[in-house]
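This is what each chain is made of:
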Amino acid sequence: MTVTEAESPVTVRCMFCDTMNRVDLARAADRPTCGECGKPILLDRPVKVSEDDFAKTVEGSDAPVLVDFYADWCGPCRMVAPFVDEIARANVGKLLVAKVDTDKAPNVAMRFGIRSIPTIIFFKDGKEVERSVGFEPQRLEALIARVVA
Ligand SMILES: [Zn+2]
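Rules used throughout
Numbers given to residues run from 1 along each chain, matching the order in which its sequence is written. Where local features are concerned, this predicted model is filtered to residues with pLDDT of at least 70; where side-chain atom pairs are given and counted, the filter is 80 or more; whole-chain, interface and lining totals use all residues. The basis for the side-chain values is all heavy atoms of the structure; hydrogens and waters are excluded. One side-chain nitrogen of Lys or Arg within 4 Å of one carboxyl oxygen of Asp or Glu is enough to make a salt bridge. Each helix is a run of H or I in the DSSP string that is no shorter than four residues. Each strand is a run of E no shorter than two, and both are numbered from the N terminus. Here the term buried applies to any residue with accessible area under 20% of the maximum for its type, exposed to any over 50%, and partly exposed to those in between, with areas from a 1.4 Å probe on protein chains only. By convention in this document, the label disulfide applies to cysteine sulfur atom pairs within 2.5 Å. Two strands are said to pair when DSSP picks up at least two bridges between them. Distances up to 2.8 Å from the metal define which N, O and S atoms are donors, and 3.2 Å serves for Na, K and Ca; water is absent from the atom set, so sites may look incomplete. Note on geometry labels: four donors, all angles 85 to 135 degrees, give tetrahedral; four donors become square planar and six octahedral when opposite donors are over 155 degrees apart and every other angle is between 65 and 115; remaining cases are irregular.

Digging into the pattern of salt bridges
In step 1: Summed over the entire model, instances satisfying the criterion amount to 10 salt bridges.
In step 2: Residue Arg111 pairs with Glu59 through a salt bridge whose shortest N-O separation is 3.0 Å. Of this pair, Arg111 sits in helix α3 (residues 106-111) while Glu59 sits in helix α1 (residues 54-59), placing them 52 residues apart in sequence.
In step 3: Assessed through its relative accessible area of 25%, Glu59 is described here as partly exposed.
In step 4: Its salt-bridge partner being Asp68, residue Lys99 comes within 3.3 Å of it at the nearest N-O pair. Taken as a pair, Lys99 in strand β5 (residues 96-101) and Asp68 in strand β4 (residues 65-70) lie far apart in primary sequence, 31 residues in all.
In step 5: Residue classification places Lys99 among the buried residues on the basis of a relative accessible area of 13%.

This is how it looks when you write it as structure tokens:
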């Protein structure tokens, strides 16, 4: 039995200055700040992940990651977005929630066979474990319950 939480390092880009920061997701409640600009690294909401960042932020994460593949013009994506925001808020410290704009990340979208959006994929140890396609909030909830123990 241990009394300390396991370290859960993740690499995320600062939304203010674009610097990549390695932070411990397990200590998200301590409000980590960017090593470059000192502004907060906000982990209680989805982080935007570009094509360049995907390998490092999603596949290189020690923590489970939920990725919302979306596009700005997609109506169902806008319906799913509040659920994704809530998942990020409710699971802060346990789950990294990321958003990938499929228009700006066509290679990543192709690699994961994203045929319709929104597609939400859970990654554990850098590998896909489950996905939800379309507006499926109940299925999402069930996925969260299974993935975030
Ligand atoms: Zn910064």
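Here's the deal with the state of the cysteines
In step 1: Applying the stated rule across the entire model yields 1 disulfide.
In step 2: The side chain of Cys74 participates in a disulfide bridge whose partner is Cys77; the two sulfur atoms lie 2.3 Å from each other. Taking the torsion about the sulfur-sulfur bond, which here is approximately 85°, the covalent link between Cys74 and Cys77 counts as right-handed.
In step 3: Judged by its relative accessible area of 3%, Cys74 is buried.
In step 4: With a relative accessible area of 3%, Cys77 lands in the buried category.

Some remarks on the pairing of strand β1 (residues 9-13)
In step 1: Counted residue by residue, β1 has 4 buried out of 5 residues, so it is predominantly covered.
In step 2: A loop of 6 residues connects β1 with strand β2 (residues 20-24), the two strands running antiparallel in sequence, and Asp18 in this loop sits at a positive phi of about 70°.

Focus: the coordination of the zinc ion
In step 1: For the zinc ion, the full set of protein donor atoms is Cys14 (SG), Cys17 (SG), Cys34 (SG) and Cys37 (SG), at a range of 2.2 to 2.3 Å.
In step 2: Note that the zinc ion binds 4 donor atoms; their angles at the metal cover 106 to 113°, and the shape is tetrahedral.
In step 3: Within one chain, the residues serving as donors to the zinc ion are arranged as C-x2-C-x16-C-x2-C. Taken together, the positions of Cys17 in the loop between β1 and β2 and Cys37 in the loop between β2 and β3 (47-48) put the pair 20 residues apart, joining distant regions of the chain.
In step 4: Using a relative accessible area of 28% as the deciding quantity, one classes Cys17 as partly exposed.
In step 5: The class of Cys37 is partly exposed, set by a relative accessible area of 34%.

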